[in-house]
Structures are given as structure tokens and as C-alpha cells.
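Report on the structure
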Amino acid sequence: MKQKMIRNFGIIAHIDHGKSTLADRLLEITHTVSSREMTDQHLDTLDLEQERGITIKLQPARMHYTSKSGQVYNLNLIDTPGHVDFTYEVSRSLAACEGALLVVDATQGIEAQTMANIYLALENNLKIVSVINKIDLPSADIEKTKKEIESILGQTTIFPVSAKTGEGIIEVLEAIVNEVPAPTGLADGPLKALIFDSYFDSYRGIVVMIRVFDGLVKPGMKIRFMKSGAIYEVTEVGYFTPKKIKSNIINAGEVGYILANIKTIGDIRIGDTVTEFSRETTTPLLGYKEPKPMVFSGLYPIDGDDYPLLREALEKLKLNDSSLYFEPETSKALGFGFRCGFLGLLHLEIVKERLTREYNVTLIATIPGVVYQLTMVNGDIVTVDNPSKFPDRGKISLIEEPMVKATIILPSDYVGAIMDLCNKRRGRIINMEYLAESRVLLYYFLPLNEILVDFFNQLKALSKGYASLDYEFANYEAAELVKVDILLNAEPVDAFSFITHKDNAYYKGRDLTSKLKQMIPRQMFEIPIQASIGSKVISRETISALRKNVLAKCYGGDISRKRKLLEKQKEGKKRMKSVGRVEIPEEAFLSILMLDNDKA
Amino acid sequence: MTVGAYLHIPFCDSKCDYCDFYSIVAGKKERDAYVQYLLGDIKKRTDKQTTIDTVFIGGGNPGLLLPQQLEGILEALDEHYLLDEKAEITLECNPESVNEATLRAFRQAGINRLSLGVQSFNESLIQTLGRQRSNPPDELIAAAVSIFPRVSLDLMIGIPAQTRQTLQDDLNRIPKGIGHLSVYDLTLYPETRFAHRVESGAVRLNSDEENEEMEAFLIEQLHAEGFVQYEVSNYAKPDQASRHNLHYWHYDDYRGFGAGAVSSWKGVRYTQAKLPACLLGENCEQQEILSEATQKLEWLMMNLRLTNGFERQRFQERFGLDVIEDFSKEFDELAQWFVITPRQIALTPKGSRFHHTVLSAFVR
Ligand SMILES: Nc1nc2c(ncn2[C@@H]2O[C@H](COP(=O)(O)OP(=O)(O)OP(=O)(O)O)[C@@H](O)[C@H]2O)c(=O)[nH]1
Ligand code: SF4
Ligand SMILES: [Mg+2]
């Protein structure tokens, strides 16, 4: 298709403002998905997305739209996630687009992630089309929301819609074809395409998702990945609806995929430029600035034999989640595993879950933590991303921790409570602004470690759900931190060690020991659980010994049932990690994650 | 082939709060209809090649049956199978529902072993269990001892508020003629009234330590009285062990008749449908085919319930190789829980208390 008939746009918003539902309506009106095949949040193709009701992965879809003027357009939308942990998905998507459809929930107004995504769109020089969604709801406040958008973007044409009822959707489509610029690449130039995502298909090899800027790509063409240097012959090209649809060619300005029987994971790098082997572009794309992982945790297979499986799974998953960082490590307690870096706790949880579901490895994750910068007494500077690798306190002269700049948007009524919360978490206020009459923007410096666990839940609880949070790395700052170790049966379990501010060490240690006491089943011997700083024990619990474990009655009618109980016990044991003599259930490791499950 | 036969009578006068056995409260008419079905079940599965040397009529409360019904059932077994003249024929019975005269009639009908569900002699403990009792059971037990050559009592440990003293009282009230005791830990089954009472906090369970102490006390007292523990929950004076239950623990084949009854037969386990489905249809039998590995596991699970364990020769005969060879890794790792001689293998007393933990390691 001629480039002037193409429109590429990403749908962006704060979490839950209705991006995926709006995409459903677009797919429906353009007859991209038949009503028989239509499902809610159709572009949330992972089971995990459907179950949790949130988008995790970007998802492109191509549509054909006949405008009011009678022209047929080729629209390519990319649905993006709203959660702060998945911002990299948004920025990768936007780099493949000329426009952004900004969705704002009329019952919530502008929230922290709305702002963050607006900045991303502006950085990418995208034309923003703003819509106010959920106008069908009684609590919708269209005027107020309009004012908020106006004050930030200076726009006056804003489209009120209901992604639920379909009201106003045609107007949005018209605005997209009229407002969003068409791509303007060199249609007959040398191939220049951006890899913005990929995934591993066990039958077909790696599916490379691309946006073609210049030239075209089609089966039989010999291509080169410019950064990795790998050369392949294209076997198939196509696009998404979101189903993968084979086609003959992907032209300049279009979004699609290529297959080239690629099995070597290292050949594909997100952000790389694809070009034609015999006619290379001289202006490769800049690619992406890789996001820095903020949260680290060790991932270990419950069954040590699964280690190679885990490595392969991580490599394959990284194709589809390029912000995932991992490197091998060993733990005294847990054996061989990987130290992994994540963009946030939800990201950690999702990765863990995807590894289990998509690659069948059962895992445990160690306590999530951040990266510390230590200045040693001898002047060396080292960074530590694993509490168990913390050197002796005596050898350290200064500990610095990562700080984030947090943006909190909330109704002014709750400012007092939220400021209290931030202060308790060792926060420092930077600034406070009014977004509208009764809506406040708070800027805070906060230690990242303090907002990992339970900060977001608290924020929501204290603001009746109205406060929203966004944050970005700011700098490193000195703090009085200590390392707390957990001992089971007098043996330190490195996987449970954590770093915390010295004022919180006592209660956090007590919290963890009592949690472990609840989670670890009684065994044939007594198990003391201790938390300590250095050699000083700060809290102690004991799991008393199991007295007896025998099924009282076993006669003819009971044999099958009792045998199944044995099998179940054995099965349960497979989900236990033996640390020394103590068997720790998977759930105990889960519980120490103390995940801040909710949405940011 | 010589096997045990189990007949299930799924009726009780009222349902005890802690009970999760398959039993229902039903009137005389339903019981009569059920006996007809049972007779039919026996007939349907006629097998004149098989000798029955033990019969166990359990429930529920089979004491609710009429003596002539019992007689009819035993006759049917004799007619359709080979019922050994010297067969051990046990009737399970709630002391509440019988008197001396019915016991005599039961004896007359051919019952030669009686198993009485006493649980405790203590009134208030029985109430805690939510079990019906209108009279102290002592007189009936005395009568039973005078009528039946072998009588067994069921006792319970772990009843809330039970103490060493109430246990001592229980023991004092057991007459000399009782040759067999089954002592069960009170088990909390989900969804029973008793479990709900515990969950709601209306009753508080004893601590494990208290129960362990009482059990130790009981064992000591029973030893002094000449009882020997021969299975996890069973104690007997010489020659008083339940031969029927020994069939199970030896992992012999057995036949079960009646609603919900289970049979093991040549590597297949059959379960009859429960009421009322069993009264209706033909194809109401469930089958479970037991793989060799499953049979081995079950064989060990059952035989290791016995205090003296088993003779290695028996395993070898059944499965074709020595058990230690077969499970070398397991026996290696778990050596501390076993007493192993060239002929015999048994769990140690502590191993026996952790039977479930130890045996789960044998799951493959
Ligand atoms: N009443 C009403 N509900 C809506 C509308 N649009 C979306 N919703 C509901 O809002 C919730 C969130 O919708 P999604 O489409 O999943 O939101 P999202 O922005 O894609 O969320 P993330 O991708 O997780 O950031 C769902 O329960 C939708 O049914 C609307 O116009 N009206
Ligand atoms: S008498 Fe026995 S079978 Fe009947 S309800 Fe009571 S415990 Fe259950
Ligand atoms: Mg979504």
C-alpha cells in the first residue's frame, strides 16, 4: 500500500484506562476480527494477561478502514501496557509509530502514568490524538478531564468515547486518518527496518517483529541484522490481526514480522536494524536505550536438574522481554541459579510466572532487592546486587542506595496522609504542584528499596484508590543500612538475607521469622529460626518437631486413598527446597517476596 | 485361593459429629431393601473356587441388622463361595443399638467375633465427640465377653479434654475377657460437624505433646495387661489379632460386598457404587488397575504397618526380587528408620510413628 494511506499509532494510557477495550472496538468496527472470534481485551493474547486483566506485552494489529471520504486506509495499532514496570514496551512501540492515541479515563482524570506516557510520545515526536474514555459511566467527569488534558497538552480537540458502548469511536478513526501523519520513508531505498519485539516459536524459529522505514522486505531476500551481523534469507513475511497473517511483502511504512528460520537467539537484538544484504542502508537506526534493571532477585529451579532448562527458558523469554537481565550465580542454600534484574516487582512476578507456564520450570525467587554502591575502606568502589555478597561491615566505609524521583498524582484531600507515608519511607519532598483545582502533583525523592514492598498498596489504601505513582531512577545517596541474615537450624540461608535501614531491621527481621514459622511445615526435628545482624540475634522463633505422621486406620477400603496421600506427600516434597536438613516449601519463598501485587 | 470378605452396612442410628465413614441414617424399610441388594451382590459375584476364611461385617453400624438378616448373609456367602467352617466372622457394632438378647442371637447366627465401638467410657468425652450414648456400655461389654469367644473394643485418643486420668478410668473399666483393642487418634476430617466446631473455636484440640504423652501412658498400661501392639493402631493378647485385618496388612486379595465396598483382586481394585446408585444399576463398579509399581508401594505401605514388619521372602515370592535390592536407594537413605535382618524388615518404633513420612519416600 502507498505510504500516504498508512497510519501507525500506539495506544497509550495509565493502567486500566481502557486501551485494550478501545482496541477491541477498533478491531470490531474495521471488521478485523469477526464478532464470532471477538473476545474482551482481544489483544491481551497471553493467558496471564487475561487472568490478571492487565496488558503486559505490546501487541500490534493491522486494520483496514474506509474513511468517510471513501478512502481505504491501512491502520496499524499497537496496544501497550499501562503499568510502570512495562514502560519499555511502550517506548519500543512508539518508536514504530507516527501517532499516539492517548486514552484518559473520565472517572479518574490524568494519572501518573498518563504523564509518563505523554512524555514518551513527545520524545518520539508523535502526533497525539486525545480521547476521554468511559463516558458511559455515571461518575464520568468529561469537562474536568478535558481541562486537565488541555492544561497539559494545550489541545482543544478531544474525543469523548465509550470503549464499552462504542460511542464516539468513528470520530476517533477519522481523527487518526486526518491527524496522524503518514510515514515518509524512501519506498525504493535500501531496506531499513527496526526490530521492536520478537518471540521464540518452537516450530518456526524466532519471529522478528519489525517496522519497515525504508525499502521493503519479502521472502527470498537476503538480509543482515546490522548489530549482530547475522545474515539470513527471509522465508516468510506477514502482519498481525493479532493473528499472524502471511503476506507477500512488507513495504516502507508498514509493521509486520519476518521469519528466516532463525534459531540462534543471540542473532536477534531488540532495537537492531534489519537491512538488505546486497544493498545496505547507510543510516542504521539508533535503536533503543536499554532500560536499567532496578530490582534484583535470584531465580532458582526447585529441582536442581532443571538448571539448563532454566537457562534456555530465560534466553528464550528474553527475546520477548528484552528488559530482562540475568547472569548465573550460586547460592549455598539453593545451588545453581540466576541473578536476574527486573524493572519492578510486578515484572519479577510476571517473569517468574511466564517461566513456569511457558517453559515448565518451577522456580523460587529470593528476596528482591536493589543495587547498592559501596565505598570500601581501601578506597575501592563496588556495586552489590545480592545481599549475600555484601562484604563485612568492617571493610565498608560508605553504603549508598539508589533513590528514585517519584511522581504522585492525587486529590488534594489525601495530601497529608500520603506525605506521612512518604516520610515514613524516608522520602524527601521535592515539589508540590496543582494540576487542577483539587488535583495535586507531588514530587518526592524516595529510596527505591522502600517503595518495592507494600508502598503502592499503602498509597492506594490511604487515598481510597485515587493516588497514582510513577518513578524513575534519580541518583545514589548514602544511608545507614544493615544486612539482616536468617538462620534456619543455626545455618544461615543466604537466599533470605536482605538489606534494610538500621531503624527497620528489628521489625523486618521479626516479620520474616514469624512468616517463615507459619510457612515451613513441622518436620521430624525442632527448627529454630533466627534473624541476625552480624552475630547479634535480633529475633527468634521455633518450629516445634512433628510428633507423629501416620494414618490411623488403614483397612481394605482405605488402601487406594492412603496410597494417594503418600503420592501427594511425595508430590508436595517436589515443591520443597531442601536447605540443609530443612525442607522449605515454594510458598515460603513466595511469601517473602511480599509482593506489592497491585497496579501502579 | 483363600481370602477375606468384607460386607458394608452403611447405616447408623445417628451420625457422630467426627465421623467421615460412609454411613447414613436410614429406617428399617431401607435397611431391609439394602440387605436384599447385598444378597444379590453376593450371588452376582458367585465364585466357587474361592474360600473365605474371614468375614468382616462393618459399617456404619451393622448391629442395626436383624439376626436373621445376618444369618441370611452368611448363608449366601456359604452358598456362593466356599465359607471356611472355622472362618473368623466379625461383626462391628455400636453398643448403643444392641442388648444381651440380640448379642445372643447374633452369636447364634454365626458371628464369632464382636468389635464394639466404645471410644471412651467417659460421658462428657463422648458428648464432646457428638456421639450418642444413653447408658454406660459396661454391662453390654460384660455380656459380649460372656457370649463371644473374641471381643475387641475401639478406643480413641486425642479427644479434647481427655487426660491421663480419663484414660486410666477407661482402662479400669475394660473387662479381663477383652482380647483386642483398636486405639485410634481422633482425626479431624474436613466438613464434619466436629471439624466445624474446632474451626469455630467451640472446642479446642489437645496439643500434640499431650496426646503423645497419653499414648505413651496407654501403651505402657496395655503392655502391663498383656496386650502386644501388632499394628500401628491395634493391640492384642496372644492369638487374638484380627485375622481379617491381617489379610489387608499382608496385602492379600479381598472381596468387598455392598455399597461403597472395595475389593482387591489380581491386581485390580474394584469399588462398588454407593447408595442409592448401587440399588439401581448393573454397571456401578469402578475399577482401578494397579501397576506393578503401585502394588509394590501398597504392599510395603500395608506390611510396614505391622509391628514385626514382613519376611523378605514374601516380597521376593510376590515380586521376584529382594526388596532391599529393589529399593536400595530408599533403604539406604532411610536406614535409621528400619530394623533390617537377613529375614525380616520392620520399622523402628519411631519409624512406625512416622510411617507416612517414611513410606512417601518409596513413591516412584
Ligand atoms: N464502563 C466502561 N468500562 C470500560 C470502558 N473501557 C474499559 N472499561 C473497563 O475498564 C477496565 C480496564 O480496561 P482495559 O481495556 O483492560 O484497560 P487497559 O488500559 O488496557 O489496561 P492495561 O493494559 O492493564 O494498562 C476493564 O474492566 C474494562 O471493561 C468504558 O468505556 N466504559
Ligand atoms: S457409629 Fe461409627 S459409623 Fe456410625 S456415625 Fe458414629 S462413628 Fe460413624
Ligand atoms: Mg490493556
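Residues numbered from 1 in each chain as written. Chains lettered and ligands numbered in written order. Predicted model: local features only at pLDDT ≥ 70, side-chain atom pairs only at ≥ 80, totals over all residues. Heavy atoms only, no water.

1. Some words on the environment of Leu448 of chain A
All names here are of chain A. Test applied: Helix and strand definitions here come from DSSP, where helices need a minimum of 4 consecutive H or I residues and strands a minimum of 2 consecutive E residues; each element is numbered from the N-terminal end. With a 1.4 Å probe rolled over the protein chains alone, any residue whose accessible area is under 20% of its type maximum counts as buried; one over 50% counts as exposed, and the rest are partly exposed. Contacts are residue-level and defined by heavy atoms, with any inter-residue pair within 4.5 Å sufficient.
Along the chain, the position of Leu448 falls in helix H10 (residues 448-452). Given the relative accessible area of 1%, Leu448 is considered buried. Here Leu448 is in contact with Met294, Val370, Pro402, Met403, Val404 and Tyr471, once residues within four sequence places are set aside.

2. Topic: the site of ligand 1
Residue and element names in this part refer to chain A. Heads up, the rule is: Nearness here has a simple test: a residue counts as near a molecule or strand if at least one of its heavy atoms is within 4 Å of that partner. Think of a polar contact as two N or O atoms within 3.5 Å of one another; within protein, one of them needs to be a possible hydrogen donor and the other a possible acceptor, and neighboring residues in sequence only count if both atoms come from side chains. Three classes are used, and their members are as follows: Ala, Val, Leu, Ile, Met, Phe, Trp, Tyr, Cys and Pro are nonpolar, Asp, Glu, Lys and Arg are charged, and the others, Gly among them, are polar.
Neighbouring residues of ligand 1: 18 residues in total, closest Lys19, Ser20, Thr21, Thr55 and Asp136. Between Gly82 and ligand 1, the recorded distance is 3.1 Å, taken from a backbone N or O atom to an oxygen atom. Its residues placed into classes, the shell around ligand 1 shows four nonpolar, nine polar and five charged.

3. A word on the coordination of the magnesium ion (ligand 3)
All names here are of chain A. Threshold: Only nitrogen, oxygen and sulfur atoms count as donors, using a 2.8 Å cut-off from the metal that widens to 3.2 Å for Na, K and Ca. Water is left out, so coordination shells may look unfilled.
The coordination sphere of the magnesium ion (ligand 3), as far as protein atoms go, consists of Ser20 (OG) and Thr55 (OG1), spread over 1.9 to 2.0 Å. Here Ser20, found in helix H1 (residues 19-29), pairs with Thr55, found in the loop between helix H2 (47-52) and strand E2 (59-66); they are 35 residues apart in sequence, far enough to count as distant. Neither Ser20 nor Thr55 differs from the other in exposure class; each is buried.

4. Some remarks on the confidence of the model for chain B
Residue and element names in this part refer to chain B. The line we're drawing: Along the chain, pLDDT gives the predictor's confidence residue by residue, from 0 to 100.
Of all residues in chain B, 99% have pLDDT values of 70 or greater, and the mean over the chain is 94. Ranking the helices and strands of chain B by mean pLDDT puts strand E15 (residues 310-311) first, with 98, and helix H10 (residues 277-280) last, with 71. Quick note on the complex model: pTM equals 0.74, ipTM equals 0.93.

5. Brief notes about the pairing of strand E8 (residues 180-185) of chain B
Residue and element names in this part refer to chain B. For the record, the criterion: Pairing between strands is defined by DSSP: at least two bridges between the two strands are required. Seen with its strands pointing away from the viewer, a crossover is right-handed when the path leading from the first strand over the helix to the second is clockwise.
Buried residues dominate E8, accounting for five of its six residues. In this structure, strand E7 (residues 150-157) lies alongside E8, joined through six bridges in parallel fashion. Its bridge partner lying in E8, Leu155 is registered against Val183. In the classification by handedness, the crossover that spans E7, the intervening helix H6 (residues 164-172) and the parallel E8 is right-handed. In this sheet, strand E10 (residues 234-236) lies alongside E8 in antiparallel orientation, the contact comprising three bridges. Each bridged residue has a counterpart across the sheet, and for His180 the counterpart in E10 is Ala236.

6. Considerations on the environment of Gln221 of chain B
Residues and elements named next belong to chain B. Tracing the sequence through the fold places Gln221 in helix H8 (residues 208-224). Looking at Gln221, the relative accessible area reads 22%, which means it is partly exposed. Put simply, Gln221 and Gln168 are 53 residues apart on the chain and 8.5 Å apart in space, counted from C-alpha to C-alpha. Ignoring sequence-local partners within four residues, the contact set of Gln221 consists of Gln168 and Leu171.

7. Examining the interface of chain B and chain A
Put simply, the rule reads: The term buried area denotes the loss of accessible surface (1.4 Å probe radius) that occurs when two parts are joined, taken as the sum for both partners. The term salt bridge refers to a side-chain nitrogen of Lys or Arg lying within 4 Å of a carboxyl oxygen of Asp or Glu.
Contacts between chain B and chain A engage 40 residues on the former and 25 residues on the latter. Between chain B and chain A the total buried area reaches about 3100 Å² when both faces are included, carbon and sulfur atoms providing 58% of it. Across the contact surface, chain B and chain A share seven salt bridges. Here Glu298 of chain B makes a salt bridge to Arg563 of chain A, at a shortest N to O gap of 2.5 Å. Elements supplying a minimum of two residues to the side of chain B that touches chain A: E8, H8, helix H9 (243-249), helix H11 (292-303), helix H15 (349-353) and helix H16 (355-360) of chain B. Each residue belonging to the side of chain B that touches chain A can be placed in one class, and the counts come to 17 nonpolar, 11 polar and 12 charged.

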